Amino acid sequence: MNTNNMSILELSSLKANINSPLRVKVKKLNAEYNVSINAQDLKKKTLVLDLDETLVHSSNKTPFPNKKNIVLNMTINDIKHKIYVIVRPFLEQFLHEISLYYNLFIFTASMAQYSTNLMNILDKNKVILKVLTREHCQFKGGLYFKNLNIFNRDYKDIIILDNNPISYALNKSNGIPIPTWIDDPDDRELFKLIPILKYLSKLNDVRPFINKIVNNSTQKLDYIKAYKLLNNDINLQLIIKGNIFDIGFAAFCVYTFLAALKILRFRVAYADREYI
């Protein structure tokens, strides 16, 4: 990773090495640090969302051209900064739909000041139960890890979505990787994940399914395999190609075709009887 072009926020993320000469000053954390979270609806499973490069991308340099920038005014190490943030496509729809099925949390290794202020803007419908930041991570070997035992949930009922698999290395069977997002306006990853996450919310244990659809060698989600397991191959092809198709209309067309075919066969059979 080239740290020369990284922003302050990126340097302070989970991917930053604590020994880097360019790092932001941080407090070394007790690896046993924990927090009790009791606000969850136990009838729902819990979905933990990373923030930077998963849901948003940020920089403290200049606004992103031709983008709708969220501007945060922050003081970092006694220096004032303007932080420019852009949002991954489909985030609003993703949060709205998935909140019906999951307890939603943000878990980031970024600073609390940045993360909390940003989510106050992004979470318009207040579906995020809590924002967990660097203070809630476990620090080891120069990296921050997100240990899911902090949520006090059975591991069969919790999922973490993160662009960096290292962050959930302590709970690999619960992690779904998502490609890093910088500024691609045509990105559809969050949209594509919606039906998969809805399906997972209904399973007794999320881990076996996650283990089937995540390639351990590449640490990538196999969408084709996932949708085949969902018995939704047609919907898969439509989503991956970037088309939003009305499945209800498709079903109606199929039904109409079969009905017309049945009528045609009846008429042919009736005509044959008259001829005889």
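As a reminder, the structure under discussion sits directly above these lines.
Calculation notes
- Within each chain, residue numbers correspond to sequence positions counted from 1 in written order.
- Local features in this predicted model are restricted to residues of pLDDT 70 or higher, and side-chain atom pairs are both shown and tallied only at a pLDDT of 80 or more, whereas totals for entire chains, interfaces and linings draw on every residue.
- For the side-chain quantities, the full set of heavy atoms in the structure was used; hydrogens and water were omitted.
- A helix here means a DSSP run of H or I that spans at least four residues, while a strand means a run of E at least two residues long, and both kinds are numbered starting from the N terminus.
- Burial classification: accessible surface area is computed with a 1.4 Å probe over protein chains only, and a residue below 20% of its type maximum counts as buried, one above 50% as exposed, and the rest as partly exposed.
- Residues are treated as being in contact if the distance between any of their heavy atoms lies within 4.5 Å.
- For every accessible area listed, the method is Shrake-Rupley and the probe measures 1.4 Å; residues are considered covered only by the protein chains on display.
- When DSSP finds at least two bridges between two strands, those strands are taken to pair.
- Axis lines are fitted through C-alpha atoms, for helices just across the contact stretch, and the angle between N-to-C directions can take any value from 0 to 180 degrees.
- Buried residues of nine kinds, namely Ala, Val, Leu, Ile, Met, Phe, Trp, Tyr and Cys, make up a nonpolar core once their side-chain atoms join them within 4.5 Å.
- Within this analysis, the arc is defined by the directions that extend from the helix axis to the C-beta atoms.
- Asp, Glu, Lys and Arg are counted as charged, while Ala, Val, Leu, Ile, Met, Phe, Trp, Tyr, Cys and Pro are counted as nonpolar; the rest, among them Gly, fall into the polar class.
- Roughly parallel refers to an angle under 35 degrees, roughly antiparallel to one over 145, roughly perpendicular to one between 65 and 115, and oblique to any angle outside these ranges.
- Classification of ring pairs rests on two measures: the distance between centres of Phe, Tyr or Trp rings, Trp counted by its six-membered ring, which must be within 6.5 Å, and the angle between planes, read as stacked under 30 degrees, edge-to-face over 60 and tilted in between.
- Two conditions define a charge located above a ring, namely a distance within 6 Å from the ring centre to NZ of Lys or CZ of Arg, and an angle within 35 degrees of the ring normal.

Okay, the overall build of the chain next. On a plain count of helices and strands, the chain comes out with eight helices and twelve strands. For the chain, with 276 residues in total, the buried portion stands at 46%. Contacts in the chain between residues at least 24 apart in sequence constitute 68% of all its contacts with a sequence separation of at least 6. Here the chain has roughly 15,300 Å² of accessible surface; of this, 55% comes from carbon and sulfur atoms.

To continue, consider the sheet that holds strand β3 (residues 70-76). In sheet architecture, strand pairing relies on hydrogen bonds along the backbone and comes in two forms, parallel and antiparallel. Read from one edge of the open sheet, three strands run β2-β4-β3, paired in antiparallel fashion. Strands at the two margins of the open sheet, each flanked by one partner only, are β2 (56-59) and β3. Each strand axis lies, on average, 30 degrees off the axis of its neighbour in the sheet, ignoring direction. Of the strand pairs in this sheet, β2 and strand β4 (residues 79-87) are connected by four bridges, and their pairing is antiparallel. Residue pairing in the sheet places Ser 59 in a bridge with Tyr 84 of β4. Running over the sheet, helix α3 (residues 112-122) touches β2, β3 and β4 and is turned about 160 degrees from β3.

Membership of the largest hydrophobic core comes to 45 residues, with the highest contact counts inside it found for Phe 94, Leu 197 and Leu 200. It is helix α4 (residues 189-200) that provides the largest number of residues to this core, a total of six residues. Setting aside anything within four residues of it in sequence, one finds Phe 94 in contact with Leu 47, Leu 49, Leu 161, Leu 190, Leu 193, Ile 194 and Leu 197.

Below, the discussion takes up helix α5 (residues 206-213). Among the residues of α5, those classed as buried are Val 206, Phe 209, Ile 210 and Ile 213. The arc that holds every buried residue of α5, seen down its axis, measures 100 degrees, which confines them to one face.

A few words on the sheet that holds strand β5 (residues 102-107). Read across the sheet, five strands follow the order β6-β5-β1-β9-β10 without closing on themselves; strand pairing throughout is parallel. If you trace the sheet from one side to the other, it starts and ends with β6 (128-132) and β10 (175-177), each paired once. For this sheet, the mean angle separating the axes of adjacent strands, direction not counted, is 25 degrees. Inspection of the sheet shows β5 paired to β6 by four bridges, in the parallel sense. Directly across from Phe 105, in β6, lies its bridge partner Lys 130. Along the sheet, helix α2 (residues 91-98) makes contact with β1 (45-49), β5, β6 and β9 (158-162), crossing β1 at roughly 160 degrees. Here α4 sits on the sheet and contacts β1, β5, β9 and β10; the angle it forms with β9, its principal contact strand, is near 170 degrees.

Right, let's get into the environment of Pro 89. One can find Pro 89 in the loop between β4 and α2. Residues Pro 89 and Asp 183, 94 residues apart in the sequence, show an inter-C-alpha distance of 9.2 Å. Look past the residues within four positions of Pro 89 in its chain and what remains in contact with it is Trp 181, Asp 184, Pro 185, Asp 187 and Leu 190.

To continue, consider α3. Considered for burial, the residues of α3 that qualify are Tyr 114, Ser 115, Leu 118, Met 119 and Leu 122. Take α3 and look down its axis: the buried residues cluster within an arc of 115 degrees, on one side only.

Turning next to the pairing of β3. Residues Ile 70, Leu 72, Met 74 and Ile 76 line the buried face of β3, whereas the alternating positions Val 71, Asn 73 and Thr 75 sit on a face that is not buried. As paired elements, β3 and β4 share seven bridges and run antiparallel to each other. Looking at the pairing, Leu 72 lines up with Ile 83 of β4. The hairpin formed by β3 and β4 contains two residues between the paired strands, and Asn 77 there has a positive phi angle of roughly 55 degrees.

Another point: the packing of α4 against α5. Close contact between α4 and α5 brings their axes to 10 Å; oriented N to C, the two are set at 145 degrees. Every residue of α5 that contacts α4 at Ile 196, Tyr 199 and Leu 200 is listed here: Val 206, Phe 209, Ile 210 and Ile 213. Counted by class, the contact of α4 with α5 contains seven nonpolar, no polar and no charged residues.

Below, the discussion takes up the packing of α2 against α4. In contact at an axis separation of 9 Å, α2 and α4 are set at 10 degrees when each is read in the N-to-C sense. Taken as axis vectors, α2 and α4 run roughly parallel relative to one another. Together, Leu 91, Gln 93, Phe 94, Glu 97 and Ile 98 of α2 and Leu 190, Phe 191, Leu 193, Ile 194, Leu 197 and Lys 198 of α4 make up the contact between the two elements.

This paragraph deals with the packing of aromatic side chains. This structure, assessed with the given rule, holds five aromatic pairs. On the basis of an interplanar angle of 55 degrees and a centroid distance of 5.4 Å, the ring pair of Phe 139 and Tyr 144 is categorised as tilted. Comparing Phe 139 with Tyr 144, the two get one shared label, buried. On the basis of an interplanar angle of 50 degrees and a centroid distance of 5.0 Å, the ring pair of Tyr 199 and Phe 209 is categorised as tilted. Of this pair, Tyr 199 sits in helix α4 while Phe 209 is found in helix α5, placing the two residues ten residues apart along the sequence. Here the aromatic residues Phe 105, Phe 107 and Phe 151 are joined through ring pairs into a cluster of three or more. Sitting over the ring of Phe 107, Lys 146 keeps its end group 6.0 Å from the ring centre. Seen from the ring of Tyr 223, Lys 192 lies directly overhead, with NZ or CZ sitting 4.2 Å from the centre.

All we've got here are geometric facts, nothing functional implied.
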